[in-house]
Amino acid sequence: MKSPDTEQHFFRAATSDEQRELPLAGAAVAAGFPSPADDMPDTPLDLNRELVRNPASTFFVHVAGDSMTGDGIGDGDLLVVDRSIEPYDGCIAVCCVEGEFTVKRVKFERDGAWLLPSNPRYEPIRVDREGDFTVWGVVRHAVKSFR
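Keep in mind the model is a prediction, meaning the values are calculated, not measured.

(A) Representation of the overall build of the protein. Of the regular secondary structure elements, the protein holds 1 helix and 10 strands. Summarising the internal contacts of the protein: among those between residues at least 6 apart in sequence, 55% fall at separations of at least 24. For the protein, the accessible surface area stands at approximately 9,600 Å², while carbon and sulfur atoms represent 53% of it.

Written out as structure tokens, the structure is:
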């Protein structure tokens, strides 16, 4: 990800006045054998209501790069990031290290933390308590695009 000084694609979650509902099919789609689906949508679906627990502290950000492909997060995916969640050991989070944003799995230790990529082509990043490091927010969801 890029530095906060460069162009970023951070988006705040929509407020309740801005939410838009879309139709949701009444039946789940089978990933095995096909099953007949309902012809008509059942109840409306609002993705903000479905994916955003804390609207005032939730942001969307696009991923740039492939360091998290082992966790199903790829280049161009849209992350739903909640800044109100207390970071926990093993969480996937958007972090700021030395002024640069990155998304990694966080492993906390007594004297610092490791930022762990899930692509073996990348090295873990060690951060200590004295370094310029913050967990900016915890990733709650990843929205994939298939091009």
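Right, picking up where we left off after that structure.
(B) A look at the pattern of salt bridges. Applying the stated criterion across every chain yields a total of 5 salt bridges. With its nearest N and O atoms 2.7 Å apart, the salt bridge here joins Arg-105 to Asp-71. Of the two residues, Arg-105 is situated in strand 7 (residues 100-109) and Asp-71 in the loop between strand 4 (58-62) and strand 5 (78-82); the sequence distance between them amounts to 34 residues. Residue class for Arg-105 comes out partly exposed when judged on its relative accessible area of 27%. Linking Asp-111 and Arg-126 is a salt bridge whose minimum nitrogen-to-oxygen distance equals 3.1 Å. Of this pair, Asp-111 sits in the loop between strand 7 and strand 8 (112-116) while Arg-126 sits in strand 9 (residues 125-128), and the two are 15 residues apart along the sequence. Classification of Asp-111 as partly exposed rests on a relative accessible area of 44%. Each of Glu-109, Asp-111 and Arg-126 takes part in one network of salt bridges that share partners.

(C) Geometry of the side chain of Thr-102. Of note, Thr-102 is situated in strand 7. For Thr-102, the side chain forms a polar contact with the side chain of Lys-104, separated by 2.8 Å.

Rules used in this analysis
Residues numbered from 1 in each chain as written. Predicted model: local features only at pLDDT ≥ 70, side-chain atom pairs only at ≥ 80, totals over all residues. Heavy atoms only, no water. Helix = DSSP H or I, 4+ residues; strand = E, 2+ residues; numbered from the N terminus. Contact = heavy atoms within 4.5 Å. Areas by Shrake-Rupley, 256 points an atom, 1.4 Å probe, with all protein chains shown as cover. Salt bridge = Lys/Arg side-chain N within 4 Å of Asp/Glu carboxyl O. Buried < 20%, exposed > 50% of the residue type's maximum accessible area, 1.4 Å probe, protein only. Polar contact = N/O pair within 3.5 Å; in protein donor to acceptor, adjacent residues only side chain to side chain.

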